[in-house]
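Architecture at a glance
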Amino acid sequence: MSKPKSVLCPECGIPLGLAEECLWLNSGVIVLAHDRLRRQCFIESENLDPTFQLVSKMGVPDIEDLVLEAARTRRASRTRERIPPEVRAMIRNMLLNPDVLVEAMVSDTQLRGFGDCEVLDLLLQGGEKDHATIRVNHTYSKPLFFGAFAGLIEGFLDRRLAFTLRDISPETCEMSVFVTGLADTCSMSFEEKEYCHRDGDIELERCGSCGLPSALSRLQWQLDRSIIKDSFGLRMVLFDPQVLDLIFKELERRSGKTISRAIIEAQCRFLLNSSKRELGPSRREISDELALRGLGNLREFEMDRQGLRVSVENAACHLNTAGAFKALFEGLHGGDSRIEWDISENGDLELDVRP
Ligand SMILES: [Zn+2]
C-alpha cells in the first residue's frame, strides 16, 4: 500500500494534517482538536529508550514490559473511546475495508514522527484467525510504539491479544498480534486525567494561512521517513504525555524518588551532550518554546549564577522538563547542580536548581 501523501501549508511548510489534529491553547497546552480534554506534546524521543534501560540498570525489574503495557492499555482504551462500536463492528464484519484503518494509522505515525511503518498483514473479522503484522524502521521507542500498536488492534477487536516482537536489523523491528485462547491478563489500570482549561497569556505567532504556530516551521518534517527533528537536529515526536507520566509515576511508586531524580539527570545529560547553547534564551523564548511543545505555561523564571527558580502551570512530562531546565542552568553556568522539584495534583511544577 502506498503511503498517504501529506499536504504542506504553502506559506509555512508545516503538514496541514497537524492543524486538523491539534489546537495550541493560550495555557501552554496542546489538545486534540476533536477532543479538548486530551493533551498532546512534543518531546525529544532519542533519550526515551536509553532512560528506560538506565532505570532497568538501577534494579527496577521488567521495565520494558511496564512501558509496553502502559502504552498498550492507554491506546486500547483510547481506540474504544474514539472509534464508535458500530464502526469497529463494520470493519470486523467486512462492511468497511480495513485499509481505512491502515491508512489512518500510517498517516498518524507520519505526522507524529513515530518512524516509518508498514502493515505487512492484517485480518480483522472478529474471529479466531484475526491477526496483524507491522514492520517499523527507526521507531522512536520500541516498547512505546509497539505497545500502542497492540493496544490499537485490541481496542478494535475488544479483546486481549498475544504478540511476538522480533528485531529484523538494528533499525527495523516487526510485531505480530494474534488471537489466543488464553484469558485476558491486562495488568494495568489507567486513571484518565482530563485537561481542565485554565486561561493563560500565551500568544504564539501564527501562520496567516493555516493558523498553526509559525515556530513549528523551524522543525524539520521528514515525512517520507516519518521523522521530525528540532533545530538542534534532535528527533522529536508528537505524543500523548499521559503515557509517559503514568510510567514515571508508577516507577516512583515502586522505587521512590531516586528513580525520578535519575530520569531528570538522564534527560539533563542527554541535552547537555547534544544541544549546546552559546547564549541563554530570554524568558519569552523559554515561555514560547514550552508552549509550542505543549509542556505548560511558564509563570516564574529567575536565573543567575546562584540558581534557577522556575514555576510552570499545566506541566506535562514534568521530569523531562525538569531535566531540560537543569541542563539549561549547567550549560550556561558550568559544573554540576542539584535540583529540587514539586508537582501538584493539577500539574503545577515548581523547581529550584542550585550549583
Ligand atoms: Zn501555514
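Keep in mind the model is a prediction, meaning the values are calculated, not measured. Within every chain, residues take consecutive numbers counted from 1 along the sequence as written. Reporting of local features is limited, given that this is a predicted model, to residues whose pLDDT is at least 70; pairs of side-chain atoms are given and counted only at 80 or more, and all residues count toward the totals for whole chains, interfaces and linings.

**Concerning the sheet that holds strand β13 (residues 338–343)**
Pairing in this open sheet of four strands is antiparallel, and the strands run β11-β12-β14-β13 from one edge to the other. The sheet is open, and its two borders are formed by β11 (297–304) and β13, each paired with just one other strand. Geometrically, the sheet is characterised by an average inter-axis angle of 5° between neighbouring strands, direction not taken into account. The pairing criterion is simple: DSSP has to find at least two bridges between the two strands. Secondary structure is summarised from DSSP: a helix means a run of H or I of at least four residues, a strand means a run of E of at least two, and numbering begins at the N terminus for each. Where β13 meets strand β14 (residues 349–354), six bridges bridge the pair, whose relative direction is antiparallel. Across the sheet, Ile-339 pairs through a bridge with Val-353, a residue of β14. Sitting on the sheet, helix α10 (residues 318–333) touches β11, β12 (307–313), β13 and β14, and the angle it makes with β14 is about 30°. To obtain each axis, a line is fitted to C-alpha atoms, and for helices this fit is confined to the stretch in contact; angles are then taken between N-to-C directions over 0 to 180 degrees. Residues are scored as being in contact if the C-beta atoms we place from backbone atoms lie within 7 Å.

**Points about unusual backbone geometry**
Peptide bonds are trans in most cases, and residues, glycine excluded, mostly fall at negative phi. You will see that Asp-158, though not glycine, has its phi angle at about 60°, which is positive. Within the element layout of this structure, Asp-158 appears in the loop between α6 (142–157) and β6 (162–167). Although it is not a glycine, Ser-226 adopts a positive phi angle of roughly 55°. Looking at the secondary structure, you find Ser-226 in the loop between β8 (220–222) and β9 (227–229).

**A look at the sheet that holds strand β10 (residues 235–239)**
Ordered by their spatial adjacency, six strands build an open sheet running β1-β2-β3-β10-β9-β8, and the pairing between neighbours is antiparallel. Since the sheet does not close on itself, it has two edges, and those belong to β1 (22–24) and β8, each with one partner. Ignoring strand direction, the axes of neighbouring strands in this sheet form an average angle of 35°.

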